[in-house]
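Overview (structure and organization)
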Amino acid sequence: MPASTSAELNDIRPAATPPELIRNFCIIAHIDHGKSTLADRMLQLTGIVDERLMRDQYLDRMDIERERGITIKSQAVRLPWTVDGQAHALNMIDTPGHVDFSYEVNRSLAACEGAILLVDATQGIEAQTLANLYMALDNDLAIIPVLNKIDLPSAQPEKYKQELVSLLGVDAEQCLAVSGKTGEGVEELLDRIVAEVPAPAGEITGSARAMIFDSVYDTYRGVITYVRVKDGQLSPRERIQMMSTAAVHELLEIGVISPEPTPSEGLAAGEVGYLITGVKDVRQSRVGDTVTGASDPATQPLDGYQDPKPMVFSGIYPIDGSDYPDLRDALDKLKLNDSALSYEPENSVALGFGFRCGFLGMLHLEIIRERIEREFGIDIIATAPSVVYRVVTEAGGEVTVTNPSEFPEGKVSHIYEPSVRATILSPSDYTGTLMELCQQRRGRLLGMEYLSSDRLELRYRLPLAEIVTDFFDQLKSRTKGYASLDYDVDEEQEADLVKVDILLNHETVDAFSAIVHRDKAYSYGVEMTKKLKSLIPRQQFEIPVQAAIGSRIIARETIKAVRKDVLAKCYGGDITRKRKLLERQKEGKKRMKSIGRVDVPQEAFVAALTSDAPTGKQR
């Protein structure tokens, strides 16, 4: 179908579009099932992107997204589409697929009335497909099931159509088959969106209320806020008020993204667009806040979003201490783009001043690290990831431990750690190896189900501390890349955990301490002492490197002293003379050891503490 004509487009001008002609929808799927490619075809078919400007994954704007081939930030775009001579305005939101960014998906779903559930016709339903589907159903969205990649030789649309039919309880005819690459079936999909996604509900007249679902920081224009208008209308140069902070700003620019920001005469109920107020303070624009008109403010704010709970904690320190204020500014700006990031200042004896940051998962941590280094040019160290423990002492006191150095001294009666309910989808051939992996990681089987004759769903309760390191890598390597994982936070559980201290020359070095399960304490102690033996240079005296639980030593390595060859001048001669020289040297070393301090170089701290430190395993 050709792009909408100018007369038809006139009916759907921003701020002048009747709500019944608006459709707000998003695309949800597992990672790598073709969401961004399908979005590309929609941009082309609706004619809003010039052929010469078109490129693959048009909506993945960040370099890091394009390099990794993943979507990190949701993108909202307004598309015109004509059905039976009547133009409609479709607001499409392309969402991420990775479990770490499910919070982005959740916010996008709250701005929509419908969702396209996209499934790869070569791989079928995977863990994140189910997680995103349940989120969409919780938000009461209309679901349109779609099979993608039908142009591939290995596609099995009929087989996976049956999976969708049994999952959603729909007829096989309702499952559309499309190809995001060739564009086959995309026109029918757009027609289906107009027919099946309900028009937005909301008061056209009355006080304006708009929900902030995302915001980004632009160096030149300040904070750009993305909103979904629920009631009323917003106009340029109007004064607006943020309901949570009561701050009042003037609207310098308001418009829609189509797919580049396009200023308009305003935004009316049901529409999705952006606002620019010229505010430079990133804390003024909170995701989940309600925007209203300052002259006629609304009395009741819209329901916000639940703040995401950080799952993984890691210390981020600048390699050069003078970069600390720049790192704080960088985290402030990233926090605006990514409200799931949390941080607070902390300092370490070894690494100086830095921040304790909370992330949703390991990929989230990796992306933030890379963005700080790229976008802000700051060299940083990230310490090994950890989780939050709750420790009850014998005296009845309760301590929240995010860092091993906060672990209370003395006797402890109970230690609680966070756990997750993990869902693993995999071909049934790998059941044995997956169960073995989960049991090694202290998992408890909650149930297993066959989705089809050769696909299996395993449900486990696992400690979060066991997932945050290399669980996902192990899962993929044991199943040749076929398994997929999704997890939700569960309640905390009691565990037999201990704090392992590392002693250098009989003095505890806080930076190397760790909280581990008692069964794994010995292997952690052996690994850490071996690693430090290879990293710390030899000194003038012998250095014992020990791992201890309380006062009990569980592992030891010795860094030999640098010795002068005192026997070089003895050619033959009596053994007693040689022994006398060696004993004298030994006395000196002993005296030096009692007063000497071990200088641990910065490189040793970095190598032992960073999350990508060598683990001693052969890869």
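Residues numbered from 1 in each chain as written. Predicted model: local features only at pLDDT ≥ 70, side-chain atom pairs only at ≥ 80, totals over all residues. Heavy atoms only, no water.

Comments concerning the overall build of the chain
- Within the chain, the regular secondary structure consists of 15 helices and 33 strands.
- Buried residues in the chain amount to 54% of all 619 residues.
- Looking at the chain alone, contacts between residues at least 24 apart form 69% of all its contacts between residues at least 6 apart.
- Of the roughly 28,200 Å² of accessible surface on the chain, 48% is carried by carbon and sulfur atoms. (Helix = DSSP H or I, 4+ residues; strand = E, 2+ residues; numbered from the N terminus. Buried < 20%, exposed > 50% of the residue type's maximum accessible area, 1.4 Å probe, protein only. Contact = heavy atoms within 4.5 Å. Areas by Shrake-Rupley, 256 points an atom, 1.4 Å probe, with all protein chains shown as cover.)

Let's talk about the packing of aromatic side chains
- Tallied over the entire structure, the rule returns three aromatic pairs.
- Here Y324 and F355 contribute two aromatic rings whose centre-to-centre distance is 5.1 Å and whose plane-to-plane angle is 5°, an arrangement assigned as stacked. Note that Y324 is positioned in helix α8 (residues 324-337) and F355 in strand β19 (residues 352-359), a separation of 31 residues in sequence. Each member of the pair Y324 and F355 is classed as buried.
- Where Y343 meets F355, the ring centres are 5.7 Å apart and the plane angle is 85°; that geometry is what we call edge-to-face. Pair noted here: Y343 is in strand β18 (residues 342-348) and F355 is in strand β19, with a separation of 12 residues, a long-range link. (Phe/Tyr/Trp six-rings, centres within 6.5 Å; stacked < 30°, edge-to-face > 60°.)

Side note on the sheet that holds β19
- Taken together, the four strands give an open sheet; going across it, the order is β18-β19-β17-β20, and neighbouring strands pair in antiparallel fashion. Each edge of the open sheet is held by one strand with a lone partner, namely β18 and β20 (380-382). The average undirected angle you get between the axes of adjacent strands in this sheet is 30°. (Pairing = 2+ DSSP bridges. Axes fitted to C-alpha atoms, helices over the stretch in contact; angles between N-to-C directions.)

Here's the deal with the nonpolar core
- Ranked by internal contacts, the top residues of the largest apolar core, which has 45 residues, are I316, L327, I372, I424, L462 and F471.
- The element best represented in this core is α8, accounting for five residues.
- Lining this core are residues from two domains, each supplying at least three of them: domain 3 (312-383) and domain 4 (390-495).
- Core analysis: the second largest hydrophobic core is formed by 33 residues, L117, L141, I257 and L425 among them. (Core = buried A, V, L, I, M, F, W, Y, C linked by side-chain atoms within 4.5 Å. Domains from an automatic or database assignment.)

Overview of the confidence of the model for the chain
- In this model, the chain carries a mean pLDDT of 78, and residues with pLDDT of at least 70 account for 84%.
- Here residues 611-619 scores under 50 on pLDDT; set against residues more than four positions off or in separate chains, the count is 14 contacts. (pLDDT = per-residue confidence, 0-100.)

Looking at the pairing of strand β5 (residues 142-148)
- By the criterion of burial, β5 is predominantly enclosed, with six of the seven residues buried.
- Two strands pair when backbone bridges link them, and strand β4 (residues 114-120) and β5 are joined in this way by seven bridges, in the parallel orientation. If you follow L117 over to β5, its bridge partner there is P145.
- Chirality of the crossover, the property in question, places the unit of β4, helix α5 (residues 127-138) and β5 among those that are right-handed. (Right-handed = clockwise from strand over helix to strand, strands pointing away.)

Structural notes on the environment of L21
- For L21, the location among the structural elements is in the loop between α1 (6-10) and β1 (22-28).
- Residue class for L21 comes out buried when judged on its relative accessible area of 11%.
- When the C-alpha atoms of L21 and G270 are compared, they prove to be 9.7 Å apart, with 249 residues separating the residues in sequence.

A closer look at the pattern of salt bridges
- Within this structure, the stated rule accounts for 23 salt bridges.
- Between E466 and R442 there is a salt bridge; the shortest N-O distance is 3.1 Å. With a gap of 24 residues between them, E466 in helix α11 (residues 464-467) and R442 in the loop between α10 (431-440) and β25 (444-452) connect regions that are remote in the sequence.
- E466 gets classed as buried once you look at its relative accessible area, which sits at 9%.
- A salt bridge links K499 to D501; its shortest N-O distance comes to 3.6 Å. (Salt bridge = Lys/Arg side-chain N within 4 Å of Asp/Glu carboxyl O.)

A short note on the sheet that holds strand β26 (residues 455-463)
- The strand order across the open sheet built from four strands is β25-β26-β24-β27, with neighbouring strands paired in antiparallel fashion. Single-partner strands in this sheet number two, and they are β25 and β27 (484-489). Taken pair by pair, the neighbouring strands of this sheet meet at an average axis angle of 20°, ignoring direction.
- With seven bridges joining them, β25 and β26 adopt antiparallel strand pairing. In the strand pairing of β26, G447 is matched with R459.
- The strands that α10 touches are β24 (419-427), β25 and β26; relative to β26, the one it contacts most, it runs at about 5°.

Examining a nonpolar patch on the surface
- Nonpolar side chains collect at one region of the surface, where L445, M448 and Y450 lie side by side and expose about 290 Å² of accessible area between them.
- As for its placement among the helices and strands, M448 is situated in strand β25. (Patch = residues over 30% accessible without salt bridge, like charges linked within 9 Å, V, L, I, M, F, W, Y side chains within 5 Å.)

Considerations on the side chain of R441
- Its location among the elements puts R441 in the loop between α10 and β25.
- Those residues in contact with R441 that lie beyond four places of it in its chain are L462, P463, E466, T469, D470, F471, Q474 and K520.

Let's talk about the packing of helix α2 (residues 35-45) against helix α7 (residues 186-196)
- Two numbers describe how α2 lies on α7: the axes approach to 10 Å, and their chain directions differ by 85°. The angle between the axes of α2 and α7 places the two elements in the roughly perpendicular class. Contacts between α2 and α7 involve L38, R41, M42 and L45 on the former and, on the latter, V186, E187, L189, L190 and I193.
- Looking at the contact of α2 with α7 residue by residue, the classes come out as seven nonpolar, no polar and two charged. (Parallel < 35°, antiparallel > 145°, perpendicular 65-115°, else oblique. Nonpolar A, V, L, I, M, F, W, Y, C, P; charged D, E, K, R; others polar.)

Observations regarding the packing of α10 against helix α12 (residues 471-478)
- Put simply, α10 and α12 touch, their axes get as near as 10 Å, and they point 160° apart. By the angle between their axes, α10 is roughly antiparallel relative to α12. For the element pair α10 and α12, the recorded crossing hand is right-handed. Contact residues: α10 offers T433, L434, E436, L437, C438 and Q440, while α12 offers F471, Q474, L475 and R478.
- Of the residues in the contact of α10 with α12, the class split is five nonpolar, three polar and two charged. (Left-handed = near helix turned anticlockwise from the far one by under 90°.)

Focus on a positive patch on the surface
- A contiguous patch of positive charge, built from K564, K569, R577, K580 and R584, is present on the exposed surface.
- Secondary-structure assignment places R584 in helix α14 (residues 575-595).
- Residue classification places R584 among the exposed positions, given a relative accessible area of 55%. (Lys, Arg positive; Asp, Glu negative; His and termini not counted. Charge placed at Lys NZ, Arg CZ, Asp CG, Glu CD.)

Observations regarding unusual backbone geometry
- A positive phi angle, near 65°, is found at K149, a position not held by glycine.
- Considering the arrangement of structural elements, one finds K149 in the loop between β5 and α6 (157-168).
- In this structure, N505 is a non-glycine residue whose phi angle is positive, near 50°.
- Within the secondary structure layout, N505 lies in the loop between β29 (497-504) and β30 (507-508).
- Relative accessible area serves as the criterion here: at 11%, N505 is assigned to the buried category.

Focus on the environment of L147
- If you trace the backbone, L147 turns up in strand β5.
- A relative accessible area of 0% places L147 in the buried class.
- Taking the C-alpha atoms as reference points, L147 and C175, 28 residues apart in sequence, are found 7.0 Å from one another.
- Leave out the neighbours within four places in its chain, and L147 touches V119, A121, P157, Y160, K161, L164, L176, A177 and V178.

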